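Single-letter residue listing:
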Amino acid sequence: MSRKFALIAAAFAFLALPSWTAFGQQPPAREITRVSGDVYRFRNLFHFSVFMVTPAGIIVGDPINPEAAQWLKEELAKRFSRPVKYLIYSHDHDDHISGGQVFADTALVVAHENAKAAILGEKRPTATPQIVFSDRLNIELGGKEVQLIHLGKNHSDNMIVLLFPAERVLFAVDFIAIETLPYQDFPDAYVEDWIESLKRVEALDFDTLVLGHGMSTGRKDHVALFRRYLEELRDQVLRYAREKKSLEEIKALVKMEKYSSWGQYKEFLPLNIEGMFRHVQLHRRANP
Ligand SMILES: [Zn+2]
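Residues numbered from 1 in each chain as written. Predicted model: local features only at pLDDT ≥ 70, side-chain atom pairs only at ≥ 80, totals over all residues. Heavy atoms only, no water.

**Student:** I tried to follow the coordination of the zinc ion on my own but got confused; where do I start?
**Tutor:** Six octahedral donors at a metal ideally form angles of 90 or 180 degrees, and four tetrahedral donors ideally form angles of 109.5 degrees. Within the protein, the atoms that donate to the zinc ion are His91 (NE2), His93 (ND1), His155 (NE2) and Asp174 (OD), at distances of 2.1 to 2.2 Å. One can describe the donor arrangement at the zinc ion as irregular, given that its four donor atoms subtend angles of 88 to 175 degrees at the metal. Sequence spacing of the donor residues for the zinc ion, all on one chain, is H-x1-H-x61-H-x18-D. Taken together, the positions of His91 in the loop between strand E5 (84-88) and helix H3 (94-97) and Asp174 in the loop between strand E11 (169-172) and helix H5 (191-202) put the pair 83 residues apart, joining distant regions of the chain. (Donors = N, O, S within 2.8 Å, 3.2 Å for Na, K, Ca; no water. Tetrahedral: all angles 85-135°; square planar, octahedral: opposite > 155°, others 65-115°. Helix = DSSP H or I, 4+ residues; strand = E, 2+ residues; numbered from the N terminus.)

**Student:** Just to check I follow, could you spell out the sheet that holds strand E6 (residues 108-112) for this structure?
**Tutor:** If you trace the seven strands from one edge of the open sheet to the other, you get E1-E2-E3-E4-E5-E6-E7, paired in mixed fashion. On the outer flanks of this sheet lie strand E1 (30-36) and strand E7 (131-133), each paired with one strand and no other. Within the sheet, the average angular offset between the axes of one strand and its neighbour, ignoring direction, is 20 degrees. Judged from the three bridges that link them, E5 and E6 form a sheet pairing that is parallel. Counterpart to Tyr86 in the pairing with E6 is Leu108. Strands E1, strand E2 (39-44), strand E3 (47-54), strand E4 (57-60) and E5 of the sheet are contacted by helix H2 (residues 66-80), whose axis makes an angle of about 55 degrees with E1. Against the sheet, helix H4 (residues 113-121) engages E6 and E7, with an angle of about 105 degrees to E6. (Pairing = 2+ DSSP bridges. Axes fitted to C-alpha atoms, helices over the stretch in contact; angles between N-to-C directions. Contact = heavy atoms within 4.5 Å.)

**Student:** Just checking my understanding: could you explain the sheet that holds strand E10 (residues 161-164) for this structure?
**Tutor:** The pairing of strands in a sheet happens through backbone hydrogen bonds and is either parallel or antiparallel. A sheet is described by the order of its strands in space; here six strands give the open sequence E8-E9-E10-E11-E12-E13, paired in mixed fashion. Strand pairing shows two members of the sheet lacking a second neighbour, strand E8 (136-141) and strand E13 (218-219), which therefore form its edges. Here strand E12 (residues 208-211) pairs with E13 via two bridges, running antiparallel. When the bridges of E13 are listed, Leu209 appears paired with Gly218.

**Student:** Would you take a moment to explain helix H6 (residues 221-242) for this structure?
**Tutor:** One turn of the α-helix equals 3.6 residues, which is why residues spaced by three or four share an orientation. The terminal C-alpha atoms of H6 lie 32 Å apart, and with 22 residues this matches the ideal 32 Å at 1.5 Å per residue to within 8%. Count one or two residues on from H6 and you reach Lys244, which has phi positive near 65 degrees. (Expected span 1.5 Å × (residues − 1).)

**Student:** How should the environment of Ile160 be read in this particular structure?
**Tutor:** When you line up the elements, Ile160 lands in the loop between strand E9 (144-149) and E10. Residues Ile160 and Gln147, spaced 13 residues apart in sequence, show a C-alpha to C-alpha distance of 9.8 Å.

**Student:** Would you mind showing me how to read the pairing of E2 here?
**Tutor:** Consecutive side chains of a regular strand alternate in pointing toward one face of the sheet and then the other. With six of six residues buried, E2 lies mostly within the body of the structure. Residues of E2 alternate between two faces, with Val39, Arg41 and Arg43 on one and Tyr40, Phe42 and Asn44 on the opposite face, all of them buried. The pairing of E1 with E2 spans six bridges and is antiparallel. By the bridge assignment, Arg30 is partnered in E2 with Asn44. What sits between the antiparallel neighbours E1 and E2 is a turn of two residues, in which Gly37 has the positive phi angle 55 degrees. Pairing geometry for E2 and E3, over six bridges, is antiparallel. The residue of E3 that forms the bridge with Tyr40 is Phe51. Two successive antiparallel strands, E2 and E3, enclose a turn made up of two residues, where Leu45 displays a positive phi of approximately 50 degrees. (Buried < 20%, exposed > 50% of the residue type's maximum accessible area, 1.4 Å probe, protein only.)

**Student:** Help me understand the packing of H6 against helix H8 (residues 265-282) in this model?
**Tutor:** Axes are the key here: two packed helices are described by the angle between their axes and the distance separating the axes. Between H6 and H8, the least distance of the axes is 9 Å, while the angle of their chain directions is 60 degrees. With respect to H8, the element H6 is oriented oblique. Considering how the two elements wind past one another, H6 and H8 form a crossing that is right-handed. On H8, the residues that touch Tyr229, Leu230, Leu233, Arg234, Val237, Leu238 and Ala241 of H6 are Leu269, Asn272, Ile273, Met276, Phe277, Val280 and Gln281. Partitioned by chemical class, the residues of the contact of H6 with H8 number 11 nonpolar, two polar and one charged. (Parallel < 35°, antiparallel > 145°, perpendicular 65-115°, else oblique. Left-handed = near helix turned anticlockwise from the far one by under 90°. Nonpolar A, V, L, I, M, F, W, Y, C, P; charged D, E, K, R; others polar.)

As structure tokens, this is what we get:
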């Protein structure tokens, strides 16, 4: 990268971050920032959601929790003075979708069909989805559109992404990270399907990647980087498992140093190896 281009890139990276980052201040607990056009990002501590403003009302993604949802509801009323018409859950995990009842007075609640089953089964503290779908659902409101797409199993069996085609923004939660290792030991995850679902994300048409975690937004090529991490980890762990190495031996043998600059590298790599070892042992049949 030329020096001039690097400076321009740095300036744009700076512009994409909230103003408090420039002054080394602590971030506020909650904030709203515009991503592109009518699509905004909503942060509550380390969790993020999105919403889109249309002339006929607002479409909101994950409510995060009751206090965050109440704060967002009041901010939306103040800033835009129009109701929330749809509330869309990314997946069933309670740290992203608690508090949906806050919006139930005006919004229809939408989720994947497997999310509804898990929300009811696990008694999640949130509003029950009223509209469910299996593969894809397009929601149109006030001349704007959001496409809800299930790309297969990954971090859960009911994950969907929200694609805002006019803004070329994709919102994805918990199954993609920007230069950060996946969470712990892959709880509730389907590793092979996960890799396939990332390839399907790479085939979608968008520019800006907005995640459920992580301060900065990303680009489409961050998805392939993350997929290659999973594939390389899987390939190494599988090879050593086939050589009859123990988990402790595999932890010492796996080489992922090229990812050492990624977030949570030291904390999560041993757990990632444990989770991947459990996964490969479950899905292979060794010779007797
Ligand atoms: Zn989750």
